[in-house]
Amino acid sequence: MADKMSGLQKAAVLLIALGPEKSASIFRYLKEDEIEELTLEIANTRSIAPQLKDDIINEFYQVCLAQQYISEGGIGYAKDLLDKALGEERAQQVITKLTASLQVRPFEFVRKTDASQVLNFIQDEHPQTIAMILSYLSPNQASMIIGSLEAEKQADVAKRIAMMDRTSPDVIKEVESVLERKLASLANQDYTIVGGVDAIVSILNTVDRSTEKHIMETLEVEEPELADEIRKKMFVFEDILLLDDRAIQRVLRDVENSDLAIALKGSNEEVKGAILKNLSKRLAAMIEEDMEFMGPVRMKDVEEAQQKIVAVIRKLEDSAEIVISRGGGDEIVV
């Protein structure tokens, strides 16, 4: 019976079985048209046989289990575990159903591999190939690899990641075949956006300071406009939360009160609290009063004021007066 039902009908039965509270929580993640369709289907569902309800809940559980296994170790890992849990035939049905709608990221198998092993495999590849692979990895994994490359190759790879825009599925498949793993049937057949300035910023924000400095100094010579764009995004105003109280106090000594009031006007409560608690009570009260009476402020003015403070932070970091905790090798201070 369940095999003859549509996905919408099964979803309606599942939500009915879960009850109103859990169903309401799920609705928060759906689009308006999906909510309307499900609501109509639920309203038209009169009765549900206990066995049908159990079958649909079990099918939902199996798909969730498959998704979890895929996220932990990829398609092959999921298939092996489901074979043991459900039997080969049922496991294949679940995997096929799931991958029909699931877009598995290219190089997913690389994301599950230790960074040092990936480095050994790709360090002699062309910088463009390395850049493409790193663009698909997590910032932590990519930063470890780029930090271990030869110095002259680091900036070249960073530049290629930043300037990368769209990559053809054919190219992705070709590189994957070099890595001896075929994901052709699972990869997104549309053009995939990878890399870009945001990608290299995430990597550089995680890599150790010496690697970051070398890459940025090289880019400033070879691609000054690109280097400037990267630098502006590398430390945003909200990242002031990465500083300890002593560093924030040092930064505030070099910031104009007028800039601080405007910058805080557009910041979140966490950032505002971190800054105000590091001012004297009198100065904090004065800044809060200025913010209250200055009225509406243009977002452009807020961003300019925040950028001035970010520039102070970068300058103090370059002179080693403050330390930004990045998660790389230079976060330990002795």
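This write-up is about the structure you can find in this document. (Residues numbered from 1 in each chain as written. Predicted model: local features only at pLDDT ≥ 70, side-chain atom pairs only at ≥ 80, totals over all residues. Heavy atoms only, no water.)

## What to know about the environment of Leu 38
Examined against the element boundaries, Leu 38 turns out to sit in helix H3 (residues 32–44). Judged by relative accessible area, which is 9%, Leu 38 ranks as buried. With 27 residues separating them in the primary sequence, Leu 38 and Ala 11 have C-alpha atoms 7.4 Å apart. What Leu 38 contacts, discounting residues up to four positions off in sequence, is Leu 8, Ala 11, Ala 12, Leu 15, Phe 27 and Leu 30. (Helix = DSSP H or I, 4+ residues; strand = E, 2+ residues; numbered from the N terminus. Buried < 20%, exposed > 50% of the residue type's maximum accessible area, 1.4 Å probe, protein only. Contact = heavy atoms within 4.5 Å.)

## Brief notes about helix H12 (residues 197–204)
Across the eight residues of H12, six count as buried, placing the element largely inside the fold. Within the span of H12, buried status applies to Val 197, Ala 199, Ile 200, Val 201, Ile 203 and Leu 204.

## Focus: the pattern of salt bridges
According to the stated counting rule, one finds nine salt bridges in the structure shown. Measuring nitrogen to oxygen at the nearest pair gives 3.7 Å for the salt bridge that ties Lys 277 to Asp 245. Here Lys 277, found in the loop between helix H17 (269–276) and helix H18 (281–293), pairs with Asp 245, found in helix H15 (residues 245–252); they are 32 residues apart in sequence, far enough to count as distant. When its relative accessible area of 57% is taken as the criterion, Lys 277 is described as exposed. (Salt bridge = Lys/Arg side-chain N within 4 Å of Asp/Glu carboxyl O.)

## Describing the side chain of Lys 159
Mapped onto the secondary structure, Lys 159 falls in helix H10 (residues 151–163). With relative accessibility at 18%, the residue Lys 159 sits in the buried group. Non-local contacts of Lys 159, meaning those with residues more than four positions away in its chain, are made with Leu 219, Glu 222, Glu 223 and Leu 226.

## Details of the layout of surface pockets
Quantified by volume, the largest pocket comes out at close to 510 Å³. What lines the largest pocket is a set of 15 residues, and nearest its centre among them are Gly 7, Lys 10, Ala 11, Leu 14 and Phe 60. Of all the secondary structure elements, the ones that give two or more residues to the lining of the largest pocket are helix H1 (7–18), H3 and helix H4 (50–86). Among the elements that line the lining of the largest pocket, the one with the most residues is H1, at six residues. The residue inventory of the lining of the largest pocket, partitioned by class, reads 10 nonpolar, one polar and four charged. (1 Å grid on protein atoms, 1.4 Å probe; cavity = no way out; pocket = protein on both sides within 12 Å on 5 of 7 lines; lining within 4 Å. Points joined across faces, edges and corners; volume = space filled by probe spheres on them. Nonpolar A, V, L, I, M, F, W, Y, C, P; charged D, E, K, R; others polar.)

## So, the packing of helix H16 (residues 257–265) against helix H19 (residues 299–318)
Axis separation between H16 and H19 bottoms out at 8 Å; the angle between their running directions is 120°. On the basis of the axis angle, H16 is oblique to H19. In this structure, H16 meets H19 at a crossing whose hand is left-handed. Where H16 approaches H19, its residues Asp 259, Leu 260, Ile 262 and Ala 263 are matched on the opposing element by Asp 301, Val 302, Ala 305, Gln 306, Lys 308 and Ile 309. Its residues assigned to classes, the contact of H16 with H19 comprises six nonpolar, one polar and three charged. (Axes fitted to C-alpha atoms, helices over the stretch in contact; angles between N-to-C directions. Parallel < 35°, antiparallel > 145°, perpendicular 65-115°, else oblique. Left-handed = near helix turned anticlockwise from the far one by under 90°.)

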